[in-house]
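Next come the chains, spelled out residue by residue.
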Amino acid sequence: QVQLAESGGGLVQPGGSLRLSCAASGTIFRINDMAWYRQPPGKERELVAKITSGGDTNYADSVKGRFTISRDNALNMMYVQMNNLKPADSAVYYCNADVAIRNSPFTFNYWGQGTRVIVSS
């Protein structure tokens, strides 16, 4: 009933920047917390940044000061601006959201399919 779609990944040189987008669609009543996760090859998925419906944010220490998470509630969009990228940032980045569904008393957690970021010379 709800789909999350990431975009904006790609190959970038160290020190470069990328802006990732997450578009939520479907039978959405309200999107509560949203977050960006990432999963480097062979490693566990980890939280990068999260943002509440009111715009409060939290960041992993490894990206603090370099990444900025934001959202547009009217458009059901979430973004992360990633600056000064490092090879250690290379991963598949996933959008995650807690969504209240129309005509449902429940809230569900959804994942996007991911967008790959490669930071390399």
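To be clear, the structure that these remarks concern was listed above.
A short tour of the structure in this document, coming up. (Residues numbered from 1 in each chain as written. Predicted model: local features only at pLDDT ≥ 70, side-chain atom pairs only at ≥ 80, totals over all residues. Heavy atoms only, no water.)

1. Considerations on the pattern of salt bridges
Overall, the coordinates contain four salt bridges when judged by the stated rule. Here R38 ties to E46 by a salt bridge, and the two come within 2.8 Å at their closest N and O atoms. Classification of R38 as buried rests on a relative accessible area of 4%. Here D89 and R38 are joined by a salt bridge, their closest N and O atoms 2.9 Å apart. Of this pair, D89 sits in the loop between β8 (77–82) and β9 (91–101) while R38 sits in strand β4 (residues 28–39), and the two are 51 residues apart along the sequence. Classification of D89 as buried rests on a relative accessible area of 2%. (Salt bridge = Lys/Arg side-chain N within 4 Å of Asp/Glu carboxyl O. Buried < 20%, exposed > 50% of the residue type's maximum accessible area, 1.4 Å probe, protein only. Helix = DSSP H or I, 4+ residues; strand = E, 2+ residues; numbered from the N terminus.)

2. Observations concerning the packing of aromatic side chains
Geometry of an aromatic ring pair is reported as the spacing of the ring centres plus the angle between the planes. Overall, the coordinates contain four aromatic pairs when judged by the stated rule. Plain terms: the ring middles of F106 and F108 are 6.4 Å apart, the flat faces sit at 70 degrees to each other, and that makes the pair edge-to-face. Exposure remark for F108: the relative accessible area of 35% places this residue in the partly exposed category. Three or more aromatic residues joined by ring pairs make a cluster, and in this case those are Y37, Y94 and W111. (Phe/Tyr/Trp six-rings, centres within 6.5 Å; stacked < 30°, edge-to-face > 60°.)

3. Quick look at the state of the cysteines
For the coordinates displayed, the defined rule picks out one disulfide. There is a disulfide in this structure between C22 and C95, and the S-S distance comes to 1.9 Å. Classification of the bridge connecting C22 and C95 rests on its S-S torsion, roughly -70 degrees, and on that basis the disulfide is left-handed. Pair noted here: C22 is in strand β3 (residues 18–26) and C95 is in strand β9, with a separation of 73 residues, a long-range link. In this structure, C22 and C95 share a single accessibility class: buried. (Disulfide = S-S within 2.5 Å.)

4. Points about the side chain of D89
A distance of 2.9 Å separates a polar atom in the side chain of D89 from a polar atom in the side chain of R38. Setting aside its immediate chain neighbours within four residues, D89 contacts R38, V63, R66, F67, N84, V117 and V119. (Polar contact = N/O pair within 3.5 Å; in protein donor to acceptor, adjacent residues only side chain to side chain. Contact = heavy atoms within 4.5 Å.)

5. Considerations on unusual backbone geometry
Backbone geometry at N84 places phi at a positive 50 degrees, although glycine is not the residue there. Non-glycine residue N103 carries a positive phi angle of around 60 degrees.

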